[in-house]
Each structure stands twice: as structure tokens, then as C-alpha cells.
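Inside the fold
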Amino acid sequence: MAGLLGPRVPGPARLRELLAGDEPVVAPGAFDALSARLVEAAGFPAVYLTGFGTTASLLGRPDVGLLTMTEMVQAAGRLRQAVEVPVIADADTGYGNALNVIRTVREYEAAGVAAIHLEDQVAPKRCGHLEGKRVVPAETMADRVRAAVAARHDPDFLLIARTDARAVEGLDAAIDRARRYRDAGADMLFVEALQSEAEIERVADVFRDVPLLFNWAEGGKTPPLGRDRLRELGFRLVICPISTLLAATEAMRAVLGRIAADGTPAGVVRDLPGLTDFADLAGLPEIEEIAGRFGDG
């Protein structure tokens, strides 16, 4: 967990180091600072800021492009201050044209994240596993990527180019787009919503020498593959965007149902973390140690 209420590990450089290892980097999704701390406490080497989960957390709505860049950057900054592991963030379309992309990169980098992914959807975008997506011309997205490369200050800041063209134009077009985005300077490629293992294998074969991201989208269009298979195929980064969100939703629904039925939490409180345990998880011992060193007045 982060010491002195803030991170100490350079995020981009650490993420590059992890991606150079032998195992795929698995980054579960977090939708707020608490879920990010839980991801880190479980031993994962990186955290993924999910746009789907952040939209649900902040607005209680689906991921259909409702959040602004400012809201997502603020969420990314809160995650980065909560954990020491690198944060990888959803940056949607870059929130406009190439000029907007430049500001987007600068803002996310200033927030301390290690990587962002940019996609080729038309704004307002939609979750990659929902119907009704539209994509911009490939050259427009290539311009977004070139602008992002020019904008970053830290060369270790990882730029991931995502294409949503599989659902709109087919697999061949998605692969062609990914090639263009690689040539425009993307550090990693993310071909979204592949629909069979054969499609996953083809993308992995075509981009054998390019770092690839696999979206283990819970309940989405892409078939679930095990970690060993993903390693065999050469995927370097695996995100699990909404496991924490779905688990939290189901747990809260169950608890609230019990309270509604019983009239009080008496029947469920014994199954929940204690108040002291939760305070410890949230960093109370560190806060008390700081107060002892520097005073609390």
C-alpha cells in the first residue's frame, strides 16, 4: 500500500519492467480508490481503471460515453494516490480531435498513471461489448495516435491503441487498422471484442512481435481463455475490467435484501468485515503513525 498517503514507485517505468517479464501482467479493474486498494492488497502487479465501472460508480449508468475527460482523469488520480502499483486507464476516444488527445495525454500523465488506451470509436463511444458502435476513419485514429505520441513527456508512458472495428467492419479491417495504429507509434495494440478463439489466435499470429492487450471482458463477446493459453499466444497485458464491480453489486444486493427482509443488519453483520478490520484496510494504522510523528493538530 502507498506510504505517506501517496505513491513512491514510478508507474510508467515499473509497468514497462513488468511487461518485459515472462508472465502476462494481469490487471483487474477498479472503479474507485477502495477497489484499487483491494486489487493491490490481493497481490496484483497493476490496476486497471475501468471506464465501465467508473461510469457505474459515479453516475449509476452504463458505459455509453457519459463521463468527461476531466471526470476520468480525476478518477485516475484518486487511484494513483491510493496504490503503489502502476495504474492503466481507459481514455475512451481521447475526447475529441487530435488537439483534445494532446490535452488528454498530458492530463493523464500528470495524474500519474502508467498507461492509457485510446480507441477508434465515434464519440460518444459505447462499451466495446455493447451493440451499436461506430468507428471513425482509420486515418483519423492514426492521427490520434500520432498526437498522443507527440504529447507525452515520459517516453515510458505507455500508449495503447484500441480498435473496435471487429464489430463494425469485420476482423480483416480491424487487423488492418491495428497495423496502421502500430505504424503511427502505438506501444501496444488492443483489438476489442474478438468473437472466437480462432480470431484471437489470428490476431496473436499477425502481431507476434507487437505487445498485445487481452480484454477478459466478463460476460462479453470474447471467449474466456486461461492464463496459460494467453501466455502461449503472447499476450502481454490482461485486463479483467468489471469483476470487482459485478462482485460488489451482487454482494450489496444480497445484503440490502436481507436488511429489507429483517428490518436491521443484525442478520448479516457477522458475515461482513468488522469496522476495525475495514479501517485497517483503508490505512488507519498509517494515519495514526503519521499523527504520532508529526502531530495531529
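Residues numbered from 1 in each chain as written. Predicted model: local features only at pLDDT ≥ 70, side-chain atom pairs only at ≥ 80, totals over all residues. Heavy atoms only, no water.

1. Examining the packing of helix α2 (residues 33-41) against helix α4 (residues 69-82)
Angle between the axes and distance between the axes: these two values describe a pair of packed helices. One can describe the packing of α2 onto α4 by two numbers: an axis separation of 9 Å at closest approach and a directional angle of 40 degrees. By the angle between their axes, α2 is oblique relative to α4. In this structure, α2 crosses over α4, and the sense of that crossing is right-handed. Here Ala33, Ala36, Arg37 and Glu40 of α2 come into contact with α4, specifically with Arg78, Leu79 and Ala82. (Axes fitted to C-alpha atoms, helices over the stretch in contact; angles between N-to-C directions. Helix = DSSP H or I, 4+ residues; strand = E, 2+ residues; numbered from the N terminus. Parallel < 35°, antiparallel > 145°, perpendicular 65-115°, else oblique. Left-handed = near helix turned anticlockwise from the far one by under 90°. Contact = heavy atoms within 4.5 Å.)

2. Concerning the nonpolar core
The biggest cluster of nonpolar side chains holds 61 residues, and the ones touching the most others in it are Tyr108, Ile116 and Leu189. Grouped together as the second largest cluster of nonpolar side chains are 17 residues, Ala46, Ala115, Ile160 and Leu237 included. (Core = buried A, V, L, I, M, F, W, Y, C linked by side-chain atoms within 4.5 Å. Buried < 20%, exposed > 50% of the residue type's maximum accessible area, 1.4 Å probe, protein only.)

3. A few points about the sheet that holds strand β3 (residues 87-90)
Pairing is parallel in the open sheet, where eight strands are placed in the order β6-β5-β4-β3-β2-β1-β8-β7. Each edge of the open sheet carries a strand with a single partner, namely β6 (188-191) and β7 (213-215). The sheet shows a mean angle of 25 degrees between the axes of neighbouring strands, direction not considered. As paired elements, strand β5 (residues 158-163) and β6 share four bridges and run parallel to each other. Its bridge partner lying in β6, Arg162 is registered against Phe190. (Pairing = 2+ DSSP bridges.)

Fair warning: the whole summary comes from geometry, so function is off the table for now.
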